[in-house]
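What follows is each chain in one-letter form.
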Amino acid sequence: LKSVTAYFMLNNKTGYIKLSKFSRKTFDEFSNSFNELEQSGMQNLLLDLRNNPGGLLDQAISLLDMFVYSNDTLLYTKGRISESNTVIKASYSQFDKDIPIITLINRGSASASEIISGTLQDLDRGLVIGETSFGKGSVQQHYDLNDSTATRITVAKFYTPSGRAIQRGYQEADDA
């Protein structure tokens, strides 16, 4: 299944890309779609992440790195043990894109979608429009068990560059 489910020019300056998930080939699909729209005259991007549940973090980081052209922090994790703490920074490339971006999110936007929209917002690279997102910003560690099963344990939380936790709280009012 494709990650980029639609892309087209909304008008002669604004391109639209709908990402349904972050899977193994998401960055390649996005990059190809973006380049095609750019050749069609795109000067602004509307990135639709509504109902995107997330997926592979490396694909989201590669996409973000396309639009952040300095050594800025893209994301960091913080856990109870120091091995869970990481900082992910952008890397400079002469091919980085510098166009205005608006991301669309809703309650179905989670994980990698929230990382993309939150980071673009924090680094003043884009605006976010829509509803409050799902709030899934936890880092799981995969452990194989002796009986050929596995478990995933939450070891840290994701934070945007400004320090906002992506993981929502679990207060009683949240469920209401």
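Note: the structure precedes this text.
Here the residue index of a chain counts from 1 through its sequence in written order. Confidence filtering applies because this is a predicted model: local features only for residues at pLDDT of at least 70, side-chain atom pairs given and counted only at 80 or more, and all residues used for totals across whole chains, interfaces and linings. Based on all heavy atoms of the structure, the side-chain values leave hydrogens and waters out of the count.

Q: Describe the overall build of the protein, with residues and values.
A: The helix and strand inventory of the protein stands at four helices and nine strands. Secondary structure elements follow DSSP: runs of H or I no shorter than four residues count as helices, runs of E no shorter than two count as strands, and numbering proceeds from the N terminus. Seen in sequence order, the protein has helices and strands lined up from the N terminus as β-β-α-β-α-β-β-β-α-β-β-β-α. In this setup the radius of gyration rests on C-alpha atoms only. A globule is expected at 2.2 Å times the number of residues raised to 0.38. Scaling as 2.2 N^0.38, a compact globule of 176 residues should have a C-alpha radius of gyration of about 16 Å, and the protein matches this with 17 Å. Seen along its three principal axes, the alpha-carbon backbone of the protein occupies a region of about 55 × 40 × 35 Å. Burial classification: accessible surface area is computed with a 1.4 Å probe over protein chains only, and a residue below 20% of its type maximum counts as buried, one above 50% as exposed, and the rest as partly exposed. Counting only residues that meet the buried cut, the protein has 41% of its 176 residues in that class. Taking the intrachain contacts of the protein between residues at least 6 apart in sequence as the baseline, contacts between residues at least 24 apart amount to 65%. Note on contacts: a residue pair qualifies if any of its non-hydrogen atoms lie within 4.5 Å across the two residues.

Q: Pulling in residues and values, what's your account of the packing of helix α1 (residues 26–39) against helix α2 (residues 57–65)?
A: Lines are fitted to the C-alpha atoms to define the axes, a helix being fitted only along its stretch in contact, and any angle between axes, read from their N-to-C directions, falls within 0 to 180 degrees. Remark: α1 packs on α2, axes separated minimally by 8 Å, with the N-to-C direction vectors making an angle of 30°. It follows from the interaxial angle that α1 and α2 lie roughly parallel. In contact with Thr26, Phe27 and Phe30 of α1, α2 contributes Gln59, Ser62 and Leu63. When residue character is reported, Ala, Val, Leu, Ile, Met, Phe, Trp, Tyr, Cys and Pro are called nonpolar, Asp, Glu, Lys and Arg charged, and the others, Gly included, polar. When grouped by side-chain class, the residues that make up the contact of α1 with α2 number three nonpolar, three polar and no charged. Just so you know how the angles are binned, under 35 degrees is roughly parallel, over 145 roughly antiparallel, 65 to 115 roughly perpendicular, and the rest oblique.

Q: Any details on the packing of α2 against helix α3 (residues 112–122)? Residues and values, ideally.
A: Contact geometry for α2 and α3: axes closest at 9 Å, N-to-C directions at 25°. As summarised for this structure, α2 and α3 are arranged roughly parallel, according to the angle between their axes. The two elements α2 and α3 cross, and the hand of that crossing is right-handed. Along its contact with α2, which presents Leu57, Ala60, Leu63 and Leu64, the element α3 presents Ala112, Ile115, Ile116, Thr119 and Leu120. Broken down by class, the residue content of the contact of α2 with α3 amounts to eight nonpolar, one polar and no charged. Two helices that cross are described as forming a left-handed crossing if the nearer one is turned anticlockwise from the farther one by less than a right angle, and a right-handed crossing if clockwise.

Q: Requested: an account of the sheet that holds strand β6 (residues 101–105), with residues and values cited.
A: Pairing is mixed in the open sheet, where five strands are placed in the order β1-β2-β3-β6-β7. The open sheet has two edge strands with one neighbour each: β1 (4–9) and β7 (126–130). Each adjacent strand pair in this sheet contributes to an overall mean axis angle of 15°, direction not counted. Two strands pair if DSSP finds at least two bridges between them.

Q: How would you summarise the nonpolar core if you had to cite specific residues and measurements?
A: For our purposes a nonpolar core is just a set of buried Ala, Val, Leu, Ile, Met, Phe, Trp, Tyr and Cys residues, chained together by side-chain atoms within 4.5 Å. Ranked by size, the top nonpolar core spans 32 residues in total, and within it Phe30, Phe34, Leu45, Leu47, Phe67 and Ile116 carry the most contacts. Sorting the residues of this core by element identifies β2 (14–19), α1, β3 (44–48), α2, β4 (73–79), β6, α3 and β9 (150–159) as the ones contributing at least two each. Not counting residues within four places of it along the chain, the set of residues in contact with Phe67 comprises Phe30, Phe34, Leu45, Lys97, Ile101, Leu120 and Arg125.

Q: Describe α1, naming the residues involved and giving the relevant values.
A: Relative to the 20 Å expected for 14 residues at 1.5 Å per residue, α1 spans 20 Å between its end C-alpha atoms, a close match to the ideal helical length. Listing the buried residues of α1 in full gives Thr26, Glu29, Phe30, Ser31, Ser33, Phe34 and Leu37. Buried-residue contacts for α1 involve β1, β2, β3 and α2. Helix span, expected: 1.5 Å multiplied by one less than the number of residues in the helix.

Q: Help me get a handle on the environment of Ser93, residues and values and all.
A: Along the chain, Ser93 falls in the loop between β5 (86–89) and β6. C-alpha separation for the pair Ser93 and Leu49, spaced 44 residues apart in sequence, amounts to 25 Å.

Q: I'd love a proper account of the side chain of Lys97, names of residues and values included.
A: As for its placement among the helices and strands, Lys97 is situated in the loop between β5 and β6. Using a relative accessible area of 16% as the deciding quantity, one classes Lys97 as buried. Separated by 3.0 Å, the side chains of Lys97 and Glu38 make a polar contact. Not counting chain neighbours up to four residues away, the residues in contact with Lys97 comprise Phe34, Asn35, Glu38, Met66, Phe67, Tyr69 and Arg125. Nitrogen and oxygen atoms within 3.5 Å of one another constitute a polar contact, given that in protein one can donate a hydrogen and the other can accept it, and given that sequence-neighbouring residues count only through two side-chain atoms.

Q: Account for α3, naming residues and giving values.
A: Most of α3 sits inside the fold, with nine of its 11 residues counted as buried. Of the residues making up α3, those classed as buried are Ala112, Ser113, Glu114, Ile115, Ile116, Ser117, Gly118, Thr119 and Leu120. Residues of α3 that are buried make contact with β3, α2, β4, β6, β7 and β9.

These figures capture arrangement, not role.
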